[in-house]
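These are the residues of each chain, in order.
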Amino acid sequence: MENLLTTIRRCTQCKDHLPLGPRPVLIANPKAEVVIIGQAPGTKVHASGIPWDDQSGRLLRQWLQLTPEQFYHNDKIAIMPMGFCYPGKGKSGDLPPRPECAPLWHHALLENMPRVKLILLIGQYSQKYYLKARMKKNLTETVAHYEEYLPYYFPLPHPSPRNRYWTQKNPWFDERVIPALRERLFAVFKSDRLLATIITT
């Protein structure tokens with residue numbers, strides 16, 4: 001795994017398309033039991049090199065009921081977005097993740113994490129890539145039918161501040177999906193007394 005991570009962090013496959021240059025941001029560990037697959041780093045994460053080090057990350061940790069210390073400083077959570085580098089700015093937010101990244105690295109990373117029991121698919125890009133034909137007609141329908149993808153996959157919307165209207169329009173997400181997410185995390189982490197206690201409090 002260390003050799004693989006070193007190779008990934010030296011990757012320049014997309015350098016000609018990256019306005020801030022390559023800076024792959026990810027966390028992976030052979031002991032990981034949960035993998036979080038989002039979209040791609042924003043400018044703040046690109047600058048810090050810490051995944052989910054922004055407003056979206058704060059909301060994601062609220063959904064998971066984990067503090068930053070538990071989120072980052074354990075060997076059971078891996079973070080590998082669909083694109084490891086900041087893709088640049090588009091007309092209405094950041095550009096999509098670079099398409100080369102996931103096919104190039106995801107399979108190798110997952111092969112080196114044999115204990116994975118749960119993959120959180122955050123946003124449409126990861127859901128389309130991993131669920132393929134099993135995905136519903138849109139993200140809302142896919143998240144609403146999350147039970148169909150358990151126990152291995154759990155589709156979620158992106159916790160971006162831009163999506164606050166989505167959660168307001170879909171109150172079932174907070175009422176039904178978030179409790180189920182925490183319950184699934186508890187099932188995965190039940191052998192870790194600290195994490196399991198935090199998730200259920």
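The preceding data block contains the structure.
Quantities reported herein were computed from a predicted structural model and do not represent experimental measurements.

Undergrad: Provide a residue-level description of the overall build of the protein chain, including the pertinent values.
TA: Within the protein chain, the secondary structure is distributed over 10 helices and six strands. For the protein chain, the C-alpha radius of gyration of 16 Å lies close to 17 Å, the compact-globule estimate for 201 residues. Judged by the C-alpha coordinates and their principal axes, the protein chain covers about 45 × 35 × 30 Å. The 201 residues of the protein chain split such that 49% are buried.

Undergrad: Please provide a residue-by-residue account of helix α3 (residues 55-64), values included.
TA: Those residues of α3 not exposed but buried are Ser-56, Gly-57, Leu-60, Arg-61, Trp-63 and Leu-64. Taken down its axis, α3 places every buried residue within 155° of arc, on the same side. Structural note: α3 exposes Gln-55 and Gln-62 on the side pointing more than 90 degrees away from its buried face.

Undergrad: Could you give an account of the packing of α3 against helix α9 (residues 172-189), naming the residues involved and the relevant values?
TA: Running from amino to carboxyl end, α3 crosses α9 at an angle of 75°, the nearest separation of the two axes being 8 Å. Taken together, α3 and α9 sit at an angle that is classed as roughly perpendicular. Across the interface between the two elements, Gln-62, Trp-63 and Leu-64 from α3 touch Phe-173, Ile-178, Leu-181, Arg-182 and Leu-185 from α9. When the residues that make up the contact of α3 with α9 are grouped by side-chain class, the tally is six nonpolar, one polar and one charged.

Undergrad: Mind laying out the pairing of strand β1 (residues 34-37), listing which residues take part and the relevant values?
TA: Of the two faces of β1, the one lined by Val-34 and Ile-36 and the one lined by Val-35 and Ile-37 are each fully buried. Relative to strand β2 (residues 77-79), β1 is paired through three bridges, and the arrangement is parallel. Within the sheet, the bridge partner assigned to Ile-36 lies in β2 and is Ile-79. Pairing of β1 with strand β5 (residues 118-122) involves four bridges; the strand directions are parallel. Bridged to Ile-36 within β5 is Leu-120.

Undergrad: Can you break down the nonpolar core residue by residue, with the values?
TA: Counting residues in hydrophobic clusters, the biggest one holds 28 residues, and the most contacted among them are Ile-36, Leu-64, Phe-71, Leu-120, Phe-154 and Leu-156. Considering each element in turn, this core owes the most residues, eight residues, to α9. Those residues within four positions of Leu-156 in sequence are excluded, and the remaining contacts are Trp-63, Leu-120, Leu-121, Ile-122, Gly-123, Gln-127, Leu-139, Val-143, Phe-173, Val-177 and Leu-181. Judged by nonpolar contacts, the second largest core, of 27 residues, contains Ala-28, Met-80, Ile-119 and Met-135.

Reading the values: rules and limits
Each chain carries its own residue numbering, running from 1 in the written order of its sequence. Only residues with pLDDT of at least 70 are given local features in this predicted model, and only at 80 or more are side-chain atom pairs given and counted; all residues enter the totals for whole chains, interfaces and linings. Values shown for side chains rest on all heavy atoms present in the structure; no hydrogens or waters enter the calculation. For the purposes of this entry, the term helix denotes a DSSP run of H or I that reaches at least four residues, the term strand denotes a run of E that reaches at least two, and both are numbered from the N terminus. Note that the radius of gyration is over C-alpha atoms, with the globule rule given as 2.2 Å times the number of residues to the power 0.38. Only protein chains enter the accessibility calculation, which uses a 1.4 Å probe; a residue is then buried when its area is under 20% of its type maximum, exposed when over 50%, and partly exposed in between. Each C-beta atom gives one direction from the helix axis, and the arc is the one those directions make. Fitted lines through C-alpha atoms serve as axes, helices being fitted only where they are in contact, and the angles separating the N-to-C directions of these axes extend from 0 to 180 degrees. Put simply, angles under 35 degrees are roughly parallel, angles over 145 are roughly antiparallel, angles from 65 to 115 are roughly perpendicular, and the rest are oblique. A contact between two residues is defined here by any heavy atoms of the two lying within 4.5 Å. Side-chain classes follow a simple rule in which Ala, Val, Leu, Ile, Met, Phe, Trp, Tyr, Cys and Pro form the nonpolar group, Asp, Glu, Lys and Arg form the charged group, and the remainder, Gly included, forms the polar group. Paired strands are those between which DSSP finds at least two bridges. Take the buried Ala, Val, Leu, Ile, Met, Phe, Trp, Tyr and Cys residues and link them wherever side-chain atoms come within 4.5 Å; each set so joined is a nonpolar core.

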